[in-house]
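Residue-level structural notes
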Amino acid sequence: MHIVVVGCGFAGLEAARMLRKKAKELEITMIDRKPRFDYPPAYPEVLSGKVTPDEIACDLKPIVTKVRAEFIRAEVVTLDLQAKKVRTEATSDGEERDIPYDVLLLAIGAEQTFFGIPGAEEHSYSVNTLKNTIATKNALDNLDYSRKNVILVIGAGLTGVEVAGELVDYFRDRNAPVRIYLVEMMPRILPALPKEEIATHVRRFLSHRGVELLTETAVQEVNERKILFKDGRELRYDLIIWTAGIKPNRLLEHLDVPKVKGWLKVDPYLRVEGMHDVFAVGDTAWFEHEGVRSGQNVEEATGQGKVAAENIIRSLKGKKLKRYRPKNTIQNPRTLISLGDDKGVIYLRGLMVRIFAYRLKKFVEHRYMRMF
Ligand SMILES: Cc1cc2nc3c(=O)[nH]c(=O)nc-3n(C[C@H](O)[C@H](O)[C@H](O)COP(=O)(O)OP(=O)(O)OC[C@H]3O[C@@H](n4cnc5c(N)ncnc54)[C@H](O)[C@@H]3O)c2cc1C
């Protein structure tokens, strides 16, 4: 039996680990376009220099070897669900490859979206991948420090507020004057968190540190050095860091399977709806059952990876499948947010906890990286 796992992020690695734990005899192939696993929650701290890219990344090959799987480093360019094979791009050491599977697990994450706003992608930096985060850090390092720079962070979700906090630390450490704007089209920051209290706390914290918050401010167009908002306002900028919004991986675009807004719709057992041999997990999947929808976060990605692996084994053995029960949901999210200055905040079961929040975030990061 050959299981092919596409994507070696949180969901894919957890699934592979569980597959091997439960079934010694399975043939497992893991494919990723990157040679390394890295830890996105720490990307904002790469900007301030608190962590280096090497500290939050490690080679995939030994991790994959540990679970006795084959590792193919290549971009998957086509999924043929009828013929049951995936095609990879031509790699430097070979040609395009068709890899047949008995069961496919898709764990290919998500991509940054710029919502089709003219000039946004062209003129913005981002922190959606480690490579892009390093490019953003280089752009920060290369600013003209003989004058006051204007930095715009677009999107005041979890990543946006963390980036704004780290930027304050970056400029403080350089002793350089700056204006940092955090721009959000919704009426308040952190719109995905149901409780207003946490948004108020974060707003006050960041404002106190000099970040200027622009809510109900939607971007219309981005030009070189100038941004235009829908209400007619304009701002000159030196650097834009775009953190607003994710979209489904482009590999899914031409796939003729049930989807919601482009995400793969999965059944309660994490199979792509209507399919028995294709599972989807993590940011790739749209899991919604009995009014509860999984969030797109590390906790859900690893939880789904684990359950999907169990269900793959169960389905091979003809056993009853296990229903997935999300924990960190859209309706009831929980999160750890770092805000710069070694401070943070925890949001859990509708409660906000400030004490030890940053230390806990770092502890989770260290524990995760140690696992590899
Ligand atoms: C800046 C930032 C901060 C974040 N902070 C937090 C946080 O604090 N807490 C939290 O819970 N979540 C956070 N997240 C979200 C979290 O990182 C994601 O929810 C999580 O990574 C999803 O895991 P995944 O396995 O589904 O996808 P990913 O971890 O994205 O893994 C997908 C893998 O698929 C590979 N891949 C994609 N397409 C192809 C292809 N065509 N061919 C081959 N390989 C492919 C990619 O290279 C990647 O390795 C953050 C995300 C970002 C970007």
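Since we're looking at a predicted model, the values are computed, not measured.

**Details of the packing of helix α1 (residues 10-22) against helix α8 (residues 298-316)**
For the pair α1 and α8, interaxial distance at closest approach is 7 Å and the crossing angle is 35°. Read as a crossing pair, α1 and α8 show a hand that is right-handed. Seen from α1, the contacting residues are Phe10, Ala11, Glu14, Ala15, Met18, Leu19 and Lys22; seen from α8, they are Val298, Ala301, Thr302, Gly305, Lys306, Ala309, Glu310, Ile312 and Ile313. When grouped by side-chain class, the residues that make up the contact of α1 with α8 number 10 nonpolar, 2 polar and 4 charged.

**Things to note about the sheet that holds strand β23 (residues 285-286)**
Sheet architecture is open: 3 strands sit in the order β20-β21-β23, paired in mixed fashion. With one partner strand each, in any of the chains shown, β20 (259-260) and β23 form the two edges of the open sheet. For strand β21 (residues 263-265) and β23, the ladder comprises 2 bridges, and the chain directions are parallel. For Lys265, the partnering residue across the bridge sits in β23 and is Trp286.

**Some words on the packing of aromatic side chains**
Counted under the stated rule, the structure contains 9 aromatic pairs. Seen in terms of ring centroids, Phe37 and Tyr368 are 6.3 Å apart; in terms of plane orientation they differ by 20°. Their pairing is stacked. With Phe37 in strand β3 (residues 36-38) and Tyr368 in helix α9 (residues 357-371), the pair connects residues that are 331 residues apart, well separated along the chain. Grouping residues by exposure puts Phe37 and Tyr368 together as buried.

**What to know about the site of the ligand**
Taken together, 29 residues lie near the ligand, and Ala11, Asp32, Val76, Asp283 and Val298 sit nearest. Note that a nitrogen atom of the ligand is positioned 3.2 Å from one of the backbone N or O atoms of Arg33. Within the backbone of Asn297, one N or O atom sits 3.3 Å away from an oxygen atom of the ligand. A total of 1,000 Å² of accessible area belongs to the ligand in isolation, and the protein chains cover 86% of it. For the shell around the ligand, the elements supplying multiple residues, two or more each, are α1 and α8. In terms of residue class, the shell around the ligand is built from 14 nonpolar, 9 polar and 6 charged. Among the domains, domain 1 (2-111 + 247-316) and domain 2 (114-244) are the pair contributing at least three residues each to the shell around the ligand.

**With respect to the domain arrangement of the chain**
Buried accessible area, meaning the area lost when the parts come together, often serves as the stated size of an interface. Considered domain by domain, the chain is made up of domain 1 (2-111 + 247-316) and domain 2 (114-244). Measuring from the centre of the C-alpha atoms in domain 1 to the corresponding centre in domain 2 gives 30 Å. Counting from both sides, the interface comprises 13 residues of domain 1 and, opposite them, 15 residues of domain 2. Both sides of the domain 1 and domain 2 interface together cover about 1,200 Å² of buried area, and 71% of this is carbon and sulfur. Among the residues of domain 1 in contact with domain 2, Tyr43, Pro44 and Leu47 are the three that bury the most area, contributing 55% of the side total. Seen at the junction of domain 1 and domain 2, the total is 2 salt bridges. Linking domain 1 to domain 2 there are 5 residue pairs in polar contact (both at pLDDT 80 or more).

**Structural notes on a positive patch on the surface**
On the surface, Lys21, Lys22, Lys24, Arg68, Lys306, Lys317, Lys319 and Lys327 cluster together into a patch of positive charge. Along the polypeptide, Lys319 turns up in the loop between α8 and β26 (335-340). By relative accessible area, which is 52% here, Lys319 ends up exposed.

**Here we look at the environment of Lys247**
Residue placement: Lys247 occurs in strand β19 (residues 246-248). When the C-alpha positions of Lys247 and Thr284 are compared, they lie 9.3 Å apart, and in sequence the two are 37 residues distant. Apart from the residues within four sequence positions on either side, Lys247 is in contact with Ala110, Glu111, Gln112, Thr113 and Trp263.

Rules used in this analysis
Residues numbered from 1 in each chain as written. Predicted model: local features only at pLDDT ≥ 70, side-chain atom pairs only at ≥ 80, totals over all residues. Heavy atoms only, no water. Axes fitted to C-alpha atoms, helices over the stretch in contact; angles between N-to-C directions. Helix = DSSP H or I, 4+ residues; strand = E, 2+ residues; numbered from the N terminus. Left-handed = near helix turned anticlockwise from the far one by under 90°. Contact = heavy atoms within 4.5 Å. Nonpolar A, V, L, I, M, F, W, Y, C, P; charged D, E, K, R; others polar. Pairing = 2+ DSSP bridges. Phe/Tyr/Trp six-rings, centres within 6.5 Å; stacked < 30°, edge-to-face > 60°. Buried < 20%, exposed > 50% of the residue type's maximum accessible area, 1.4 Å probe, protein only. Near = heavy atom within 4 Å. Polar contact = N/O pair within 3.5 Å; in protein donor to acceptor, adjacent residues only side chain to side chain. Areas by Shrake-Rupley, 256 points an atom, 1.4 Å probe, with all protein chains shown as cover. Domains from an automatic or database assignment. Buried area = accessible area lost by both parts, 1.4 Å probe. Salt bridge = Lys/Arg side-chain N within 4 Å of Asp/Glu carboxyl O. Patch = residues over 30% accessible without salt bridge, like charges linked within 9 Å, V, L, I, M, F, W, Y side chains within 5 Å. Lys, Arg positive; Asp, Glu negative; His and termini not counted. Charge placed at Lys NZ, Arg CZ, Asp CG, Glu CD.

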